[in-house]
Amino acid sequence: MAIRITLNGAARDLPASLNFEQLLEELALNGKRLAIERNGEIVPRSAFGDSRVADGDRIEVVIAVGGG
Amino acid sequence: MDKLVVAGKSYSSRLLVGTGKYRDFDETRRAIEASGAEIVTVAIRRTNIGQNANEPSLLEVLPPSKYTILPNTAGCYTAQDAVRTLRLARELLDGHALVKLEVLGDAESLYPNMPETLAAATTLVAEGFQVMAYCSDDPIMARQLEELGCVAVMPLASLIGSGMGILNPWNLQIIIDRVRVPVLVDAGIGTASDAAIAMELGCDGVLMNTAIAKAKEPVRMARAMKLAVEAGREAFLAGRMAKKPYEASASSPTSGLIQKSA
């Protein structure tokens, strides 16, 4: 069943309730050094395979960038 | 050897550098190499979804195996946002605990909001973070940050990115004298003499970004800053001569002058 999440502040439709590994693949971000927050809570990398995004989730995907 | 010790780990370089505002990653890498810095700050930001999938990332250019990565909370205006950002940073950096906390008060001055900074530091210390805190040059604030468990305090020399140098050396001196954790000047350094003066005052280190990145030749300025921090530290350790405003003292012998009659 298709779901709608908020990804980095923008609405995004997904074909199904993917796990986080599948989500990263869908976003062409797999293998990147990044961190994920779901509804204000950290999703540990070790849980990417088990944890699934649900309809209405607010997901943040962050990386390190240049800064002072 | 004279080392900077932060949270039990020692570093040969007392210069910490930011990684923002460079032209590209190649310039970032060359400037940071020239600076000799071992601790480099990074910001945590949303990744671009669906763009530049094959672009190198900052941490490929500055690998955590080579540098101590210091994630910051730049752009955070509340304790809650700062804590959230650093929890993400810790996950991103495989459990790395050393962080730079900065909670800003307003977008014009980028002056730190100290009540929010203290609140965030309290939470972060309780969660096991090693907090290096950007702060105002108020000695009482610096002491409170130390008391609640910060591993370093980092008072501003002047406003972030202003390049105005050290506006209140007397406050910095009080902080250096009264705080036992390392004191690093963070923000406001404009050129090499500013960094040297900070070190001569007895600061344990200096953190800068714009002074290097926005110099006409960033790599060259990075080298200048490395030398300035080393020179300032050496001068501090050597102990400067006393200032004698009303008393000249010749360095050459006053006897044996040829024009003196026998």
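(A) Focus on the overall build of chain B. What chain B contains, in helices and strands, is 9 helices and 10 strands. Considered along the principal axes of its C-alpha atoms, chain B spans approximately 90 × 40 × 35 Å. Intrachain contacts of chain B at a sequence separation of at least 6 include 65% that bridge at least 24 residues. Of the accessible surface of chain B, which amounts to about 12700 Å², a share of 52% is contributed by carbon and sulfur atoms. Once the 27 positive and 29 negative side-chain charges of chain B are each reduced to a mean point, those two points are 5 Å apart.

(B) Region of interest: the overall build of chain A. Check the secondary structure of chain A and you find 1 helix and 5 strands. When its helices and strands are written in sequence order, chain A yields β-β-α-β-β-β. On C-alpha atoms alone, chain A measures out to a radius of gyration of 12 Å, which is about the 11 Å that the 2.2 N^0.38 rule sets for 68 residues. Its C-alpha atoms give chain A principal-axis dimensions of about 45 × 25 × 20 Å. A buried classification covers 41% of the 68 residues belonging to chain A. Excluding contacts between residues fewer than 6 apart, the proportion of contacts in chain A whose partners are at least 24 apart in sequence is 48%. Summing over all exposed atoms, chain A offers an accessible surface of approximately 3300 Å²; the carbon and sulfur share of this is 46%. For chain A, the centre of its 8 positive side-chain charges and the centre of its 10 negative side-chain charges are spaced 4 Å apart.

(C) Region of interest: the nonpolar core. In terms of nonpolar packing, the biggest core is built from 90 residues, with A:Ile36, A:Ile59, B:Leu145, B:Val153, B:Met208 and B:Met225 touching the most fellow members. Not counting residues within four places of it along the chain, the set of residues in contact with B:Met225 comprises B:Leu15, B:Ile189, B:Gly190, B:Thr191, B:Ala192, B:Ala195, B:Met208, B:Ala211 and B:Ile212. B:Val6, B:Leu16, B:Ala152 and B:Leu207 belong to the second-largest nonpolar core, a separate cluster that totals 13 residues.

(D) Inspection of the pairing of strand 4 (residues 39-46) of chain B at higher detail. Judged by how many residues are buried, strand 4 of chain B sits mostly within the fold: 6 of 8 residues are covered. Relative to strand 4 of chain B, strand 5 (residues 58-66) of chain A runs antiparallel, the two sharing 5 bridges. When the bridges of strand 4 of chain B are listed, A:Ala64 appears paired with B:Ile44. In this structure, strand 4 of chain B lies alongside strand 5 (residues 68-71) of chain B, joined through 4 bridges in parallel fashion. Bridging across to strand 5 of chain B, B:Ile39 finds its partner in B:Thr68.

(E) Molecular detail of the pattern of salt bridges. Across all of its chains, the model carries 19 salt bridges over all chains by this definition. The shortest N-O distance in the salt bridge between B:Arg84 and A:Glu37 comes to 2.5 Å. One end of the pair, B:Arg84, is in helix 3 (residues 79-92); the other, A:Glu37, is in strand 3 (residues 35-38), on a second chain. Looking at A:Glu37, the relative accessible area reads 2%, which means it is buried. Where A:Arg45 meets B:Asp94, a salt bridge forms, and the shortest distance between an N and an O atom there is 2.8 Å. Residue A:Arg45 is located in the loop between strand 4 (41-43) and strand 5, and its partner B:Asp94 is located in the loop between helix 3 and strand 6 (98-101); the two belong to separate chains. Bridged by salt links that share partners, the residues B:Asp26, B:Arg29, B:Arg30, B:Glu33 and B:Lys66 form one connected network.

(F) Unusual backbone geometry, seen in detail. Residues and elements named next belong to chain A. Not every positive phi belongs to a glycine, and Asn8 is a case in point at roughly 45 degrees. Along the polypeptide, Asn8 turns up in the loop between strand 1 (3-7) and strand 2 (10-14). Classification of Asn8 by relative accessible area gives buried; the value is 11%. At Asn39, a position not held by glycine, the phi torsion is positive, near 50 degrees. Structurally, the position occupied by Asn39 is in the loop between strand 3 and strand 4. Asn39 gets classed as partly exposed once you look at its relative accessible area, which sits at 33%.

(G) Looking closely at helix 6 (residues 169-178) of chain B. All names here are of chain B. Listed as buried for helix 6 are Asn171, Leu172, Ile175 and Ile176. When helix 6 is viewed along its axis, its buried side chains cluster within an angular range of 140 degrees and face the same direction. Turned more than 90 degrees away from the buried face of helix 6 sit Trp170 and Asp177, all of them exposed. The inward-facing, buried residues of helix 6 abut helix 5 (139-147), strand 8 (152-155), strand 9 (184-186) and helix 7 (192-201).

(H) Examining the packing of helix 5 of chain B against helix 6 of chain B more closely. Residue and element names in this part refer to chain B. Interaxial distance between helix 5 and helix 6 falls to 9 Å at its minimum, and their mutual angle equals 30 degrees. The angle between helix 5 and helix 6 falls in the class roughly parallel. Helix-helix and strand crossings are classified by hand; for helix 5 and helix 6 the assignment is right-handed. Here Pro139, Ala142, Arg143 and Glu146 of helix 5 lie close against helix 6, whose contacting residues are Asn171, Ile174, Ile175 and Arg178. Of the residues in the contact of helix 5 with helix 6, the class split is 4 nonpolar, 1 polar and 3 charged.

Reading the values: rules and limits
- Here the residue numbers are simple positions, counted from 1 along each chain's written sequence.
- Both sets of labels track the order of writing: A upward for chains, 1 upward for ligands.
- Reporting of local features is limited, given that this is a predicted model, to residues whose pLDDT is at least 70; pairs of side-chain atoms are given and counted only at 80 or more, and all residues count toward the totals for whole chains, interfaces and linings.
- Side-chain metrics in this entry use all non-hydrogen atoms of the structure; hydrogen atoms and water are not considered.
- Segments assigned H or I by DSSP are reported as helices when at least four residues long, segments assigned E as strands when at least two residues long, and all are numbered from the N terminus.
- Residues are treated as being in contact if the distance between any of their heavy atoms lies within 4.5 Å.
- Throughout, the Shrake-Rupley method with a 1.4 Å probe supplies accessible areas, and for residues the shown protein chains are the sole cover considered.
- Counting rule applied: Lys, Arg positive; Asp, Glu negative; His and chain ends not counted.
- One atom stands in for each charge, and that atom is NZ of Lys, CZ of Arg, CG of Asp or CD of Glu.
- Within these notes, the globule rule equals 2.2 Å times the number of residues to the 0.38 power, and the radius of gyration is based on C-alpha atoms.
- Here's how the labels work: a residue is buried when its accessible area is under 20% of the maximum for its type, exposed when over 50%, partly exposed in between, all with a 1.4 Å probe on protein chains only.
- Note on terminology: a nonpolar core comprises buried Ala, Val, Leu, Ile, Met, Phe, Trp, Tyr and Cys residues joined through side-chain atoms within 4.5 Å.
- Paired strands are those between which DSSP finds at least two bridges.
- Salt bridge, as used here, is a side-chain nitrogen of Lys or Arg placed within 4 Å of a carboxyl oxygen of Asp or Glu.
- To obtain the arc, one takes the directions from the helix axis to the C-beta atoms.
- Each axis is a line fitted through C-alpha atoms, and for a helix only the stretch in contact is used; angles between axes span 0 to 180 degrees, taken between their N-to-C directions.
- Note that the term roughly parallel is reserved for angles under 35 degrees, roughly antiparallel for angles over 145, roughly perpendicular for angles of 65 to 115, and oblique for everything else.
- Whether a crossing is left-handed or right-handed is set by the direction in which the near helix is turned from the far one by less than a right angle, anticlockwise for left-handed and clockwise for right-handed.
- Note on residue classes: Ala, Val, Leu, Ile, Met, Phe, Trp, Tyr, Cys and Pro are nonpolar, Asp, Glu, Lys and Arg are charged, and everything else, Gly too, is polar.

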